[in-house]
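What follows is the residue order along each chain.
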Amino acid sequence: MTMADSDSVAPTTTSSFASRKRRWPRILAWSCGGLVLVALLAGAAGLLWLRAITQAALPALDGDLRISGLSAPVTVRRDAHGVPHIQAASQQDLFLAQGYVTAQDRLWQMDLLRRNANGDLAEILGPSLVKHDRAQRVFQFRRTAQHLYANLPADERARLDDYARGVNLFLAQHPDALPPEFRILHYRPEPWTGTDSLSILAMMVETLDTHWDVKLAREQIAARLHNPRLESDLYPVGSWRDRPPTGELLDLSKPHPDPVPAPDDEEDDRSEAGTAPRQDYLQLRSLLGLPACTGCTPGSNNWVIAGQHTASGKPLLANDMHLDLSVPNIWYMADLQAPGFHATGVTLPGDPYVVAGHNEHVAWGFTALYADVQDLYVEKLDGKGNYQAADGSWQPLAIDHEVIHVRGGKDVSLDVQSTAHGPILTPILNKENRPISLRWTLYDPSLNTLPIYGLNVASNWTEFSAALAQWSWPTLNVVYSDDQGHIAYHAIGRVPLRPAGLVGVPIQDNAHEWQGYIAFDDLPSAVDPPAGFLATANARVTTSKTPHPLSLEWVDPYRIERIYKALQGREMLRAQDMLAVQTDIYSEVDQELAHRFAYAIDHADGSDERLRNAADLMRRWDGRLTVDSPAASLVTQTRKALWPMLLEPRLGKDLAAQYHWSESNFAEEEIVMNAKADWLPPGYKDWDTLLAAAVRNGMQQAKAPADISRWTYGSWHVIDLEHPLAPILPFLRRFTGTGPQPLSGDTTTVKQVGRSFGPSQRFTMDWSNIDGSTEDIVLGESGNPFSLYFRDQWMDWYNGTTFPLPFTPAAVAAQTRHTLRLLP
């Protein structure tokens, strides 16, 4: 090649390089676009797959299905809300069908509930659930359920087994059409057992009867305060606002009586409290699955009104049970009928029977009693595998070996040590070195009765109360009415006899051993009282006439006080009046404190125009926490800001955040309204200055708008329910949850609510029209998002409306939308 030739090639080569250089951005763009397209196609394919498996899991609601084990055909009629009305020729067939039908709608929820109870969640959800599972293994729920099952009467075991057979028949018939969560998580459910049903019941007992965590926190707070008077301010036992369900005629215009004096805690039990490491009790409550929001205490409202005060002359009974709200709802509505059995109401998925509702003759509803059935004991160990028993002898620790299977991780081995009191909790108390054991009525091998079946088949108060007398746990308040016009109330559950008194902190002596249980007839009760009205809302139910103390911790009195003021003394009451009270959003304490905050601003130095505007809004407020109320925002956020201002100077920031008491709202009211000098923090010359500063802090911390008249309550106070898998699979939020929705009411209103907490159902029994009795749950019957009955009740719950639950054959037939026959 000549020089000329080489010269002619160089420009061409340079041009080629430049051309390729210019093509790279296009290639890169096309590659990125292709990857995005592939991702979009994969996402679309994934959604189509999810849609297909979800639709494939929809249950059969019509036609005939062959079910082995039935003795005769069973008819399942679904009404306009998908509620199954199951009619069987025998009770054995009935409970088998109940298990089958419940599995149709709620199988994955049932499996999740038993895994939650037994400590098997990490097996499907991975290492993040190991702490939870460790706690459940320490609490021994599976072993407790196994013991309970083995010691049940034969007829009770048989009914649990019938229910389990129904669940397992559904599993066997639908191996490839299970709920989509099983496919998403790539696992299959194990067969159902009667023990599984009892594990779920044990978890409900834990939800309603757990208070030991508060005793640990109180020990630390009391040690830091080192002042019994200040401690009693933070931990009141009952209040002057309480309305125990005595059924006596009350003159609500008279001064309130003082509460029954609290039993004295033993000073020597807390003398060494300062040596205990500080536990993170907020984290502990989360681990226990207890509501985290301030004032969200598992509870409920119930009341019963005699016919002398109703328009029909027949009793009215109302019940709404307040729990954490989930997707789907914790309750499943059902109507169960067989010879000798016909009951309707809410059932617990995974368990037979109707938990709360009515039959042909009696109706009942529950609230949590809050009796103290747990004690903590600081044990003495010798380091050789022995503990010192109450009689001074050394006994070997019982050891249960547990293995937690972990998805995507190694198995975790755990040895659970127990004394005669119960399991040692140290493995779940990450900052506690003392061997602390938990004694709990649930662990008592002599207690093995939960007579829900007896309630379902009772036909009068004699039969109903005989069943109640056998109730072991949880401790509850029960209201009752029947078709003969009788009304009644009784506290139920085994409550320990403690001759040395109740103790609100871990016990470090041998003087506080239990001495049996309080007799059923010594628990608070009333039958056909003169007032013709009985109500409970988790507040104190004892009086000076009650033979034994039941608890140191009751719930704030505001709901029960409001219920009495709204209903007692009224005549010609109707069913719709019950719903109006259940959805009531007036808070006397919020209005009272709003006026006090306004007064403080008026009298404090340095109140600017924004504070004065806030005072005007609170002064004019009617006390109703509506979603459009700016005053509701002001008072609730001020109260939230005030607690740290009161507690942190005495407890420090970390320990102040651990304070939890079911009557904390009343504690705050008393401290503020009495302007207690001991609680005025340094740097504030008087209470007016402090409260004005709390209003300012509340607005700042909550980022209130410049124009506070536009700071509506519903702009930030919301309900937001989501599927259990939404935290790890966010796309599920779009079509399974509610999304944030403005929410009226708060934790002091009869409609007790939080972000994912509130009435889990609403029930009103009207004996003048049994088919007009109403019940609704939060979302719907189905756990399948593509079902018509997944969310069809949401607007009724959210808007405070309801609908009848048909009961008689004619009413059921009129509302039947689907009919499924289960054939032998």
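Since the model is a prediction, treat every value here as computed from it, not as a measurement.

Engineer: I would appreciate a short explanation of the environment of valine 373 in the present structure.
Structural biologist: Topologically, valine 373 is positioned in the loop between strand 9 (362-368) and strand 10 (374-378). Under the relative-accessibility criterion, valine 373 is labelled buried at 1%. Along the sequence, valine 373 and proline 496 sit 123 residues apart, while their C-alpha atoms lie 6.3 Å from each other. Setting aside residues no more than four positions away along its own chain, valine 373 makes contact with Asp209, Arg439, Trp440, Thr441, Thr475, Arg494, Val495, Pro496, Arg498 and Trp514.

Engineer: What exactly am I supposed to notice about helix 2 (residues 91-118) here?
Structural biologist: Helical periodicity: at 3.6 residues per turn, an α-helix aligns residues three or four positions apart in one direction. The terminal C-alpha atoms of helix 2 lie 29 Å apart, and with 28 residues this falls more than 12% below the ideal 40 Å at 1.5 Å per residue. When the local axis directions of helix 2 are compared, the greatest deviation, roughly 95 degrees, occurs at arginine 106. Counting buried positions over the 28 residues of helix 2 gives 26, a clear majority of the element. One or two steps after helix 2, the chain reaches glycine 119, where phi turns positive at roughly 75 degrees.

Engineer: Explanation requested: the pattern of salt bridges in the structure shown.
Structural biologist: Side chains that carry opposite charge are capable of pairing whenever their charged atoms lie near each other. Evaluated as defined, the whole model comprises 43 salt bridges. Between arginine 562 and aspartate 584 there is a salt bridge, with its nearest N and O atoms 3.0 Å apart. Taken as a pair, arginine 562 in helix 14 (residues 558-567) and aspartate 584 in the loop between helix 15 (575-582) and helix 16 (588-603) lie far apart in primary sequence, 22 residues in all. Exposure remark for arginine 562: the relative accessible area of 26% places this residue in the partly exposed category. Exposure remark for aspartate 584: the relative accessible area of 16% places this residue in the buried category. Put simply, aspartate 688 and arginine 596 hold a salt bridge, and the shortest N to O gap is 3.0 Å. With aspartate 688 in helix 21 (residues 687-701) and arginine 596 in helix 16, this residue pair connects regions lying 92 residues apart in the sequence.

Engineer: How should the pairing of strand 4 (residues 299-305) be read in this particular structure?
Structural biologist: Across a regular strand the side chains alternate sides, sitting on one face of the sheet and then on the other. Burial analysis of strand 4 places seven of its seven residues in the buried class, the great majority of the element. Bridging between strand 4 and strand 5 (residues 316-324) involves seven bridges; their strand directions are antiparallel. Across the sheet, residue serine 300 finds its bridge partner in strand 5, namely methionine 321. The sheet contact formed by strand 4 and strand 19 (residues 533-536) spans four bridges and is antiparallel. What sits directly across from isoleucine 305, in strand 19, is phenylalanine 533.

Engineer: Looking at this structure, I do not really get the packing of aromatic side chains. What am I missing?
Structural biologist: Within a pair of aromatic rings, the relevant descriptors are the distance that separates the centres and the angle that separates the planes. For the structure shown, the criterion picks out 24 aromatic pairs. Between tryptophan 794 and tryptophan 797, the aromatic rings sit 5.6 Å apart at their centres with planes inclined by 15 degrees, giving stacked as the arrangement. Residue tryptophan 794 and its partner tryptophan 797 are both found in helix 23 (residues 794-799); the two are separated by three residues, about one turn of the helix. For the pair formed by tryptophan 794 and tryptophan 797, the shared burial category is buried. Ring pairing ties together the aromatic residues Phe139, Phe141, Trp212, Trp440 and Tyr443, which thus form one cluster. One cation-aromatic arrangement involves arginine 218 over tyrosine 235; the distance from NZ or CZ to the ring centre is 4.4 Å. Sitting over the ring of tryptophan 661, arginine 218 keeps its end group 5.5 Å from the ring centre.

Engineer: Where do I start with the sheet that holds strand 7 (residues 341-347) in this structure?
Structural biologist: Note: strands within a sheet are paired through backbone hydrogen bonds, in either parallel or antiparallel orientation. Across the sheet, which stays open at both edges, the 11 strands sit in the order 1-25-2-3-6-7-8-9-16-17-18 with mixed pairing between neighbours. For this open sheet the edge positions go to strand 1 (63-66) and strand 18 (525-527), each flanked by a neighbour on one side alone. Ignoring strand direction, the axes of neighbouring strands in this sheet form an average angle of 15 degrees. In the sheet, strand 2 (residues 74-78) pairs with strand 25 (residues 818-823) via five bridges, with the strands oriented antiparallel. Each bridged residue has a counterpart across the sheet, and for arginine 78 the counterpart in strand 25 is histidine 818. Contacts between helix 13 (residues 461-468) and the sheet are confined to strand 9, strand 16 (476-482), strand 17 (487-492) and strand 18, with strand 16 contributing the most and set at about 165 degrees to the helix.

Engineer: I keep staring at the confidence of the model for the chain and nothing clicks. Help me out?
Structural biologist: Residues shown with low pLDDT carry predicted positions that ought not to be read at fine detail. With 89% of its residues at a pLDDT of 70 or more, the chain shows a mean pLDDT of 92. Here residues 1-10 is a poorly scored stretch, pLDDT under 50, and it has two contacts once near neighbours within four places are set aside; other chains count. Across residues 264-277, where pLDDT falls below 50, the model places 33 contacts with residues more than four positions away in sequence or in other chains.

Engineer: Whenever I open this one, helix 8 (residues 194-209) confuses me. Can you help?
Structural biologist: With 16 residues, helix 8 should cover 22 Å at 1.5 Å per step; its first-to-last C-alpha distance of 23 Å lies within 8% of that length. Among the 16 residues that make up helix 8, 15 are buried, leaving the element largely enclosed by the rest of the structure.

Conventions adopted
- Residues numbered from 1 in each chain as written.
- Predicted model: local features only at pLDDT ≥ 70, side-chain atom pairs only at ≥ 80, totals over all residues.
- Heavy atoms only, no water.
- Helix = DSSP H or I, 4+ residues; strand = E, 2+ residues; numbered from the N terminus.
- Buried < 20%, exposed > 50% of the residue type's maximum accessible area, 1.4 Å probe, protein only.
- Contact = heavy atoms within 4.5 Å.
- Expected span 1.5 Å × (residues − 1).
- Bend = angle between axes of the 7 residues up to and from the residue.
- Salt bridge = Lys/Arg side-chain N within 4 Å of Asp/Glu carboxyl O.
- Pairing = 2+ DSSP bridges.
- Phe/Tyr/Trp six-rings, centres within 6.5 Å; stacked < 30°, edge-to-face > 60°.
- Lys NZ or Arg CZ within 6 Å of the ring centre and 35° of its normal.
- Axes fitted to C-alpha atoms, helices over the stretch in contact; angles between N-to-C directions.
- pLDDT = per-residue confidence, 0-100.

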